[in-house]
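Remarks on the overall topology
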Amino acid sequence: MQTLVQRSFASELRAILAVANKEWTIFRRYPTWIAAFLFWPVMFPLAAIMTARALGGPSGAGFGAFAQLAGTPDYVAYIALGNTVYMWMNITLWGVGLTLRNEQMRGTLESNWLCPVWRISMVVGQSLQHLATSLVFLAITFVEFWLVFGVQIVRGNVGLVLLVLALLVPCIYGIGIIFGSLVLRFKEPNAMVFLVRGLVMIFCGVSYPLAVLPGWMQTVAQYIPLTYAIQGIRDIGLRGASLAELTPTLMPLAWFAALLPILGFVTFTVTERRARRTGALGQY
Amino acid sequence: MTTVTPTLTRSTAAPAVQTNGHHAAASPTMVEVRDLRKVFPKRPADTRPLWRRLLPGGRPAMEEFVAVSGVSFSIQQGEIFGLLGPNGAGKTTTIRMLSTLLEPTSGTATINGYDIARQAPLVRQNLGAVLTGERSIYWKLTGRENLEYFAALYHIPPQTAKQRVSELLERLDLANRADENVERYSSGMKQRIAIAKALLANPPVLLLDEPTIGLDPQSARNLRELILEIKNEGRTILLTTHYMEEADQLSDRIGIIDQGRIIALDTAANLKRSINQLDSLQLEVENFEPSLVETLTLMPTVENVISHSGEPTWSLALHTTDSRALLPEVIALVGSRGGQIRAMQVAQPTLEDVFISLTGKQLRD
């Protein structure tokens, strides 16, 4: 009896695309995503923008101090840029980070892992779908900020913005895969999501300049890739920074971009092996 | 409540595995399992306050739970091998090891000649598996989308996959509902999609873990017919079940598993014949005096008594070496305590009786 399996590099790529396509089809069949896509981008940074407006005072006298620390008086764009990167990180944690756990809860994880496809290909496929959806989310964010606040987020050298995003993608998805593996191991995602996003929100200067943080917190911030991404995008958009000026910011980000996916792969492999030893795959 | 009161139980510490070598010479071996063992680490329950548990050295040491304890068997091409045992006997753990989802603690196994530990991807190419429960497929996808998705994960070329999916949908009588979301399917249809998924790559070996659990009687019957059809195509099937009728009807050979060990292995007919010297005397009694169970158990020819208390009728099954001699004694004893016998028969042994005679307990326990 001849099996129909014909394994090749092309068939592995087809499998990755099939995973992405499956995720996209399921995503579309839960209509609440439309509301999330339309309202979140504006609602999310609004609280920080309104707080800043209140602190600036009726005459805007307080914004002088902000401009000195942030290097720009445009606090709305400053907050919007930081929050957009943060939102991306956030939805990646909830998306890619919980995909494996969701498969486990649905009971389909083992069913997938019975197939001869590489198990990491499933994670890559899920990340691919997530990346495509989150890019749509970012596009909606840019349009909504322009329409609601009159703020053009993408400004300055678009090529450099894309360069920062290209370096940020492997960082975010590397963290997402590490996170997803740990959730598969520890089962309880909420506490971990809150911990990670709390760290990012406080240490990376999402809504305020890093200069307001105590020294030790600024040191911690240097070890989080999002700090550099937010800094880079703000420098391009608000100060018109050139590639040479950006290099000190982009170099650490490039290192993170090289290391985090590898760390994600290793964490996933170790977790998968452990799950096979302990029988944790089928446990809820 | 059902209880089994044995007078003679066989030790499972040193199981006697019976086999008649059925099929052994006729066909190639497709599944070979040798001394497979799975031990899970288990942390004992700790009822102490949280602060004490968090202190250094405050957590109790890990213990071991032996789920499968040195299981061995082989399955020949075209054979249905039934693994019959109660819940928690080690059936699912065995299937999960064979399907490469779990790493064995020790022992070896091959599927179509490929080692489950060293050649896991090749093993997965050669087997289709349906695990317990119907959530092995995506409810938010249609039947066709599910199959096309899994075909890609099995590395089936797109054109072949399309054709294979249509063929399976047609064959499993799902073609007219193929483009509806699976969430609208009945349990039987969901299980058929799961079987179609297992058949996608045309694997020579199928592992079916409790395939009819949760199905209505008609769907279960249809599924059993389908399993026989699949076998007739020349596929090798390992089936786990705790339904003795299912094991009896489908399996060429049956391994009875309990507490992680195979305690008997043979054809259903041979297993039943092995306890043929025992009759099963079955009674339905009104106003039965429960303390009589003990007395019946102590009667010389009685091996064990299964009692099922009901209102107002009790069901009793006595495994005896001499039903003819026992019958008048039982009638007299029950009558002397005010019980009225409403029905009575001497039945042929079933696989359930085999299991009881080997373990002293019922399959459903």
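Along each chain, numbering runs from 1 in the same order as the chain's sequence is written. Here the convention is simple: chains get letters from A, ligands get numbers from 1, in the order in which they are written. Residues qualify for local features only when their pLDDT is at least 70, as the model is predicted, and side-chain atom pairs are given and counted only at 80 or more; totals for whole chains, interfaces and linings, by contrast, use all residues. Only hydrogens and water are set aside when side-chain values are computed; all heavy atoms of the structure are taken into account.

A helix here means a DSSP run of H or I that spans at least four residues, while a strand means a run of E at least two residues long, and both kinds are numbered starting from the N terminus. A tally of regular secondary structure across chain A gives 11 helices and 0 strands. Its C-alpha radius of gyration of 21 Å places chain A within 12% of the 19 Å reference for a compact globule of 284 residues. For the C-alpha atoms alone, the extent of chain A along its principal axes is close to 80 × 40 × 35 Å. Three exposure classes are used, based on accessible area relative to the maximum for each residue type with a 1.4 Å probe and protein chains only: buried under 20%, partly exposed in between, and exposed over 50%. When the 284 residues of chain A are sorted by exposure, 52% land in the buried category. By definition in these notes, contact holds between two residues if any of their heavy atoms fall within 4.5 Å. Long-range contacts, defined here as pairs at least 24 residues apart, represent 79% of the contacts in chain A between residues at least 6 apart. Of the roughly 12,800 Å² of accessible surface on chain A, a fraction of 70% belongs to carbon and sulfur atoms. Both charge centroids of chain A, one from 19 positive and one from 10 negative side chains, sit 7 Å from each other. Based on C-alpha atoms, the radius of gyration is set beside the globule rule, defined as 2.2 Å times the residue count to the power 0.38. Surface exposure here means Shrake-Rupley accessible area, sampled with a 1.4 Å probe, where a residue is shielded only by the protein chains that are shown. Residues counted as positive are Lys and Arg, residues counted as negative are Asp and Glu, and His and the chain ends are not counted. Where a charge lies is defined by one atom per residue type: Lys uses NZ, Arg uses CZ, Asp uses CG and Glu uses CD.

Here we come to a nonpolar patch on the surface. Note that patches include only residues with greater than 30% relative accessible area and no salt bridge, and the join distances are 9 Å for like charges and 5 Å for nonpolar side chains (Val, Leu, Ile, Met, Phe, Trp, Tyr). We count a salt bridge whenever a side-chain nitrogen from Lys or Arg sits within 4 Å of a carboxyl oxygen from Asp or Glu. On the surface, Ile34, Leu38, Phe39 and Met43 of chain A cluster together into a nonpolar patch covering about 410 Å² of accessible area. Residue placement: Leu38 of chain A occurs in helix H2 (residues 32–56).

With that settled, consider the sheet that holds strand S4 (residues 80–84) of chain B. Residue and element names in this part refer to chain B. One open sheet accounts for 6 strands, arranged S7-S8-S9-S4-S10-S11; its pairing is mixed. Strands at the two margins of the open sheet, each flanked by one partner only, are strand S7 (127–130) and strand S11 (261–266). If you compare each strand with its neighbour and ignore which way they point, the axes differ by 15 degrees on average. Two strands form a pair only when DSSP identifies at least two bridges running between them. The sheet contact formed by strand S10 (residues 253–258) and S11 spans 5 bridges and is antiparallel. Across the sheet, Ile254 pairs through a bridge with Asp266, a residue of S11. Sheet strands touched by helix H6 (residues 187–199): S7 and strand S8 (205–209). Its angle to S7, the strand with the most contacts, is close to 165 degrees. Geometry is summarised by axes, namely lines fitted to C-alpha atoms with helices restricted to the contacting stretch, and by angles between N-to-C directions that run from 0 to 180 degrees.

Residue and element names in this part refer to chain B. For helix H11 (residues 323–336), with 14 residues, the first-to-last C-alpha span of 20 Å sits near the 20 Å given by 1.5 Å per residue. Among the residues making up H11, those that are buried are Ser323, Leu326, Val330, Leu333 and Val334. Around the axis of H11, the buried residues are gathered within 90 degrees of arc, so they sit on the same side. For H11, the exposed residues lying more than 90 degrees away from the buried face are Arg324 and Ser336. Multiplying one less than the number of residues by 1.5 Å gives the expected span of a helix. Starting at the helix axis, one direction is taken to each C-beta atom, and the arc is that of these directions.

All names here are of chain B. A score from 0 to 100, pLDDT tells how confident the predictor is in each residue. For chain B, the average pLDDT comes to 85, and 91% of its residues sit at 70 or higher. Predicted confidence in chain B is weakest over strand S1 (residues 2–6), with a mean pLDDT of 50, and strongest over helix H4 (residues 143–153), with 97. Below a pLDDT of 50 lies the segment residues 6–25, which in the model reaches 48 contacts outside its immediate sequence neighbourhood of four places, other chains included. Reported for the predicted complex are a pTM of 0.81 and an ipTM of 0.84.

With 150 residues, the main nonpolar core has Leu226 of chain A together with Val31, Phe73, Leu98, Leu153 and Leu238 of chain B as its most contacted residues. In this structure Leu226 of chain A touches Val85, Met89, Leu168, Ile172, Val200 and Cys204 of chain A, once residues within four positions along its chain are discounted. The definition of a nonpolar core used throughout is a set of buried Ala, Val, Leu, Ile, Met, Phe, Trp, Tyr and Cys residues joined through side-chain atoms within 4.5 Å. Counting 17 residues, the second-largest nonpolar core is a separate cluster that includes Phe288, Val305, Leu316 and Leu333 of chain B.

This part is about the packing of aromatic side chains. Geometry of aromatic contacts follows a simple scheme: Phe, Tyr and Trp rings, the Trp one being its six-membered ring, pair when their centres are within 6.5 Å, and the pair is stacked under 30 degrees between planes, edge-to-face over 60, tilted otherwise. If you walk through the whole model with that rule in mind, you get 11 aromatic pairs over all chains. Both rings, one in Phe63 of chain A and one in Tyr75 of chain A, keep their centres 4.3 Å apart while their planes meet at 10 degrees; by these two values the pair is stacked. Here Phe63 of chain A, found in helix H3 (residues 63–70), pairs with Tyr75 of chain A, found in helix H4 (residues 75–106); they are 12 residues apart in sequence, far enough to count as distant. Of the two residues examined, Phe63 of chain A and Tyr75 of chain A, each falls in the buried class. Three or more aromatic residues joined by ring pairs make a cluster, and in this case those are Tyr138, Tyr149 and Phe150 of chain B. Only Lys NZ and Arg CZ are tested; either one counts as a charge over a ring when it is within 6 Å of the ring centre and within 35 degrees of the ring normal. Between Arg234 of chain A and the ring centre of Tyr78 of chain A, over which it is positioned, the NZ or CZ distance is 3.6 Å. The ring of Tyr30 of chain A carries the charged tip of Lys140 of chain B above its face, separated from the ring centre by 4.7 Å.

Once that is clear, we can look at the sheet that holds strand S3 (residues 63–76) of chain B. Residue and element names in this part refer to chain B. The strand order across the open sheet formed by 4 strands is S3-S2-S5-S6, and the pairing between neighbours is antiparallel. Two strands bound the open sheet, and with one partner strand each, they are S3 and strand S6 (114–115). Helix-sheet contacts for helix H2 (residues 91–98) involve strand S2 (29–42), S3 and strand S5 (106–111), and the interaxial angle to S2 is about 115 degrees.

Let us look at the state of the cysteines. In plain terms, two cysteine sulfur atoms within 2.5 Å form what is called a disulfide here. Counting across every chain of the model gives 0 disulfides over all chains. Not engaged in a disulfide, the cysteine Cys171 of chain A finds its nearest cysteine sulfur in Cys204 of chain A; these two sulfurs lie 11 Å apart.

Another point: the interface of chain B and chain A. Chain B puts 43 residues into the contact, and the matching count from chain A is 39 residues. Taken over both partners, the interface formed by chain B and chain A buries close to 3,800 Å², and the fraction arising from carbon and sulfur atoms is 60%. Here chain B is connected to chain A by 4 salt bridges. The residue Arg273 of chain A makes a salt bridge to Glu103 of chain B at a minimum N-O spacing of 2.5 Å. Polar contact criterion, stated in full: a pair of N or O atoms within 3.5 Å, where within protein one must be able to donate a hydrogen and the other to accept it, and residues adjacent in sequence count only if both atoms are side-chain atoms. Applying the counting criterion to the chain B and chain A interface returns 20 residue pairs in polar contact (both at pLDDT 80 or more). Those elements that provide at least two residues to the side of chain B that touches chain A are S2, helix H3 (120–125), H4 and helix H5 (158–171) of chain B. At 5 residues, H4 of chain B tops the list of elements feeding residues into the side of chain B that touches chain A. Residues are grouped as follows: nonpolar covers Ala, Val, Leu, Ile, Met, Phe, Trp, Tyr, Cys and Pro; charged covers Asp, Glu, Lys and Arg; every other residue, Gly included, is treated as polar. Here the residues of the side of chain B that touches chain A sort into 21 nonpolar, 11 polar and 11 charged. Defined here as a combined quantity, buried area equals the accessible surface (1.4 Å probe) lost by two parts on assembly, summed across both.

What follows covers helix H7 (residues 217–232) of chain B. Residue and element names in this part refer to chain B. End to end, H7 covers 23 Å across 16 residues, agreeing with the expected 22 Å (1.5 Å per residue, within 8%). Regarding H7, the residues found buried are Ser219, Ala220, Leu223, Arg224, Leu226, Ile227, Ile230 and Lys231. What you see down the axis of H7 is that its buried residues fit within an arc of 160 degrees, all on one side. Looking at H7, the residues exposed on the side facing more than 90 degrees away from the buried face are Pro217 and Asn232. Near the N-terminus of H7, the side chain that reaches the backbone nitrogen of Gln218, with its oxygen 3.1 Å away, is that of Asp216. Among the residues trailing H7, Gly234 stands out with phi positive, at a value near 100 degrees.

The next point concerns the side chain of Thr267 of chain A. One can find Thr267 of chain A in helix H11 (residues 243–278). Filtering out sequence-adjacent residues up to four positions away, Thr267 of chain A remains in contact with Ile178, Ser181 and Leu182 of chain A.

Let us now look at the pattern of salt bridges. Scanning the entire structure with this criterion turns up 26 salt bridges over all chains. The closest approach of N and O atoms between Arg276 of chain A and Glu272 of chain A, which form a salt bridge, is 3.2 Å. Of this pair, Arg276 of chain A and Glu272 of chain A both sit in helix H11, separated by 4 residues, roughly a single helical turn. Accessibility expressed as a relative area gives 18% for Arg276 of chain A, which makes it buried. Several salt bridges converge on common partners, so that one network encompasses Arg119, Glu272, Arg273 and Arg276 of chain A together with Glu103 of chain B.

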